[in-house]
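Spelled out from the first residue to the last, the chains are:
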Amino acid sequence: MTGHEVERRALLTPVLLLLLAERQGHGYELVQRLGAFGCAEADPAHVYRLLRGMESSGEVTSHWHASESGPARRVYAITQQGAMNLALWFVRLGDLHGTLHLFLERYVQLDGVAGRPGRDRGGPGAAGADSPGHERTPDHMRRMRK
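Conventions and cut-offs
Residues numbered from 1 in each chain as written. Predicted model: local features only at pLDDT ≥ 70, side-chain atom pairs only at ≥ 80, totals over all residues. Heavy atoms only, no water. Helix = DSSP H or I, 4+ residues; strand = E, 2+ residues; numbered from the N terminus. Buried < 20%, exposed > 50% of the residue type's maximum accessible area, 1.4 Å probe, protein only. Contact = heavy atoms within 4.5 Å. Areas by Shrake-Rupley, 256 points an atom, 1.4 Å probe, with all protein chains shown as cover. Salt bridge = Lys/Arg side-chain N within 4 Å of Asp/Glu carboxyl O. Phe/Tyr/Trp six-rings, centres within 6.5 Å; stacked < 30°, edge-to-face > 60°. Lys NZ or Arg CZ within 6 Å of the ring centre and 35° of its normal. Axes fitted to C-alpha atoms, helices over the stretch in contact; angles between N-to-C directions. Parallel < 35°, antiparallel > 145°, perpendicular 65-115°, else oblique. Core = buried A, V, L, I, M, F, W, Y, C linked by side-chain atoms within 4.5 Å.

Peer 1: Help me get a handle on the overall build of the protein, residues and values and all.
Peer 2: When you go through the protein residue by residue, the secondary structure sums to 6 helices and 3 strands. Along its sequence from the N terminus, the protein presents helices and strands in the succession α-α-β-α-α-β-β-α-α. The buried share of the protein, reckoned over its 146 residues, is 29%. A separation of at least 24 residues holds for 43% of the contacts in the protein among residues at least 6 apart in sequence. Split by element, the accessible area of the protein, about 9800 Å² in all, is 57% carbon and sulfur.

Spelled out as structure tokens, the structure:
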């Protein structure tokens, strides 16, 4: 598992709490809804383990819902404890957002970082460079430079 995958996996708990705060859902549906958060490749078995752990800790409840077409499904809903924990995640992630934003702002101001030509030098990798083999600077990075 790459570092990026580990980071995304660490965010599954607050994302699942958010999804359940929006509306209850069964496990497979929640796995599908994770795609909007860049977690389309989330391991369903891991998501189900997280949901069971969240139920054990009192953050979610579940009940079986009989379906007219197909087997019964376990439907999850957020509890008051889960809503309080979601609020704590909101604060923690807000603090992290500030740190990440500062990091990104300062990074785009660097000149001559190893592997990254200076922003005013116009070489490969500079903002807007289209030379083959070099990616363009992402839009959010160009906006930060303005």
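Peer 1: Help me get a handle on the environment of alanine 87, residues and values and all.
Peer 2: In this structure, alanine 87 sits in helix α5 (residues 80–108). Overall, the relative accessible area of 43% leaves alanine 87 in the partly exposed class. Distance from alanine 87 to proline 14, taken between C-alpha atoms, is 9.4 Å for residues 73 residues apart in sequence.

Peer 1: Hey, could you go over the pattern of salt bridges for me, with residue numbers and the actual values?
Peer 2: This model, assessed by the stated rule, comprises 3 salt bridges. Close ionic contact of arginine 33 with glutamate 29 constitutes a salt bridge, the shortest N to O distance being 3.7 Å. Highlighted residues: arginine 33 and glutamate 29, both in helix α3 (residues 27–33), separated by 4 residues, approximately one helical turn. When its relative accessible area of 12% is taken as the criterion, arginine 33 is described as buried. Taken together, the salt bridges that share partners define one network made up of Glu22, Arg23, Glu29 and Arg33.

Peer 1: Give me the lowdown on the packing of aromatic side chains, citing residues and values where you can.
Peer 2: For the coordinates displayed, the defined rule picks out 1 aromatic pair. For the ring pair phenylalanine 103 and tyrosine 107, a centre distance of 6.4 Å and an interplane angle of 15 degrees mean the geometry is stacked. Taken together, the residues phenylalanine 103 and tyrosine 107, both in helix α5 and 4 residues apart, mark about one turn of the helix. Judged by relative accessible area, which is 28%, tyrosine 107 ranks as partly exposed. Its end group placed over the ring of tryptophan 89, arginine 92 keeps NZ or CZ at 5.2 Å from the ring centre.

Peer 1: How would you summarise the packing of helix α1 (residues 3–10) against helix α2 (residues 12–22) if you had to cite specific residues and measurements?
Peer 2: Where α1 contacts α2, the axes come no closer than 5 Å and their chain directions differ by 40 degrees. The angle between the axes of α1 and α2 places the two elements in the oblique class. Along its contact with α1, which presents Arg8, Arg9 and Ala10, the element α2 presents Leu12, Thr13 and Pro14.

Peer 1: Describe the nonpolar core, naming the residues involved and giving the relevant values.
Peer 2: Within the largest apolar cluster, 18 residues are counted, with the highest numbers of intra-cluster contacts made by Leu16, Leu30, Leu34, Val47 and Leu51. Where this core is concerned, the elements lending two or more residues are α2, α3 and α4 (44–56). Ranked by residue count, the leading element in this core is α2, at 6 residues. Beyond its immediate sequence surroundings of up to four residues, leucine 34 is in contact with Leu12, Val15, Leu16, Leu19, Cys39, Ala40, Ala42 and Val47.

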